[in-house]
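# Results of the structural survey
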Amino acid sequence: GDPDLPPNVITDQEIQEEDEGTPERALLAWWQAFQFQDSEAVVSLTSPNTLDDVGEKNLEDLVQARGQGLQGIEILGISESGDDASVRLGLLTFQPPKEGAPLPDEPTASTPTTFALAKEGDEWLFSDSTYLELQVDNLKASEEAAEEQQSGEPQPEDEQSSDQGN
């Protein structure tokens, strides 16, 4: 990889190693745009159906909030059927040997998963709504928890349950 980038970041070289017009290359380009918090590029590389499911604004917020911390990936395999593709990959974890130590160059763990892509015209686009919806839900939950901590006040639904015993 590029010595200036953390080991989890997808490099241009990794993208260029995949053939043009393939789901593998499309997925790497989408993932890299996400990592660089380029929400416009992520939206443009996501299928219209997925944008409808997830919400364009939700996706942009997710990219801005989570992009830099997005895991690395390695593509393990692919199956194509017409205008649909499933890309099997490993979500890579780079765990430093101890806290504060630099990230290792090689991943310390790989979690297998599969992402769906759909072909629109002659371009492969990320189309895994389930993955994105889960990420958006996690982001919203963590934002709500952070807001509650900052305000120091329970939210209205919490007040009702605690007031009843008084």
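Look up: the structure comes first, before these words.
Anyway, here's the lowdown on the structure attached to this text. From a predicted model like this one, the values you see are computed outputs, not experimental measurements.

## What about the environment of Pro7?
In this fold, Pro7 is placed in the segment before α1 (12–16). For Pro7 and Gly72, which are 65 residues apart along the polypeptide, the C-alpha to C-alpha distance reads 7.5 Å. With residues near it in sequence (within four places) discarded, Pro7 still touches Phe94, Leu103, Pro104 and Asp105.

## Section: a negative patch on the surface
Residues Asp52, Asp53, Glu133 and Asp137 make up a contiguous surface patch of negative charge. For the negative patch, the secondary structure elements donating two or more residues are α4 (48–54) and α6 (129–151). Relative to the helices and strands, Glu133 resides in helix α6.

## A few points about the nonpolar core
Leu27, Trp30, Trp31, Phe34, Leu59, Ile73 and Leu132 are the most contacted members of the largest nonpolar core, which has 31 residues in total. Going through the elements one at a time, α2 (23–35), α3 (39–44), α4, α5 (56–66), β2 (84–93), β3 (109–120), β4 (123–126) and α6 are the ones with two or more residues in this core. The element best represented in this core is α2, accounting for 7 residues. Filtering out sequence-adjacent residues up to four positions away, Phe34 remains in contact with Val42, Leu62, Val63, Arg66, Gly67, Leu70 and Leu132.

## Looking at the packing of α5 against α6
Viewed as axis vectors pointing N to C, α5 and α6 meet at an angle of 65°, and their least axial separation amounts to 10 Å. On the basis of their axis angle, the class for α5 and α6 is roughly perpendicular. Pair α5 / α6 crosses with left-handed handedness. Contacts between α5 and α6 pair Asn58, Leu59, Asp61, Leu62, Ala65 and Arg66 from the former with Leu132, Gln135, Val136, Asn138, Leu139, Lys140 and Ser142 from the latter. A breakdown of the residues in the contact of α5 with α6 according to their chemical character gives 6 nonpolar, 4 polar and 3 charged.

## Concerning the side chain of Asp128
One can find Asp128 in the loop between β4 and α6. One buried charged residue, Asp128, remains without a salt bridge, the closest side chain of opposite sign being Arg88 at 12 Å. Within polar-contact distance, the side chain of Asp128 engages the backbone nitrogen of Ala116 at 2.9 Å. Within the structure, Asp128 has its side chain in polar contact with the backbone nitrogen of Tyr131 (distance 3.2 Å). Those residues in contact with Asp128, other than ones at most four positions away along the chain, are Thr50, Thr114, Phe115 and Ala116.

The rules behind the values
Residues numbered from 1 in each chain as written. Predicted model: local features only at pLDDT ≥ 70, side-chain atom pairs only at ≥ 80, totals over all residues. Heavy atoms only, no water. Helix = DSSP H or I, 4+ residues; strand = E, 2+ residues; numbered from the N terminus. Contact = heavy atoms within 4.5 Å. Patch = residues over 30% accessible without salt bridge, like charges linked within 9 Å, V, L, I, M, F, W, Y side chains within 5 Å. Areas by Shrake-Rupley, 256 points an atom, 1.4 Å probe, with all protein chains shown as cover. Salt bridge = Lys/Arg side-chain N within 4 Å of Asp/Glu carboxyl O. Lys, Arg positive; Asp, Glu negative; His and termini not counted. Charge placed at Lys NZ, Arg CZ, Asp CG, Glu CD. Core = buried A, V, L, I, M, F, W, Y, C linked by side-chain atoms within 4.5 Å. Buried < 20%, exposed > 50% of the residue type's maximum accessible area, 1.4 Å probe, protein only. Axes fitted to C-alpha atoms, helices over the stretch in contact; angles between N-to-C directions. Parallel < 35°, antiparallel > 145°, perpendicular 65-115°, else oblique. Left-handed = near helix turned anticlockwise from the far one by under 90°. Nonpolar A, V, L, I, M, F, W, Y, C, P; charged D, E, K, R; others polar. Polar contact = N/O pair within 3.5 Å; in protein donor to acceptor, adjacent residues only side chain to side chain.

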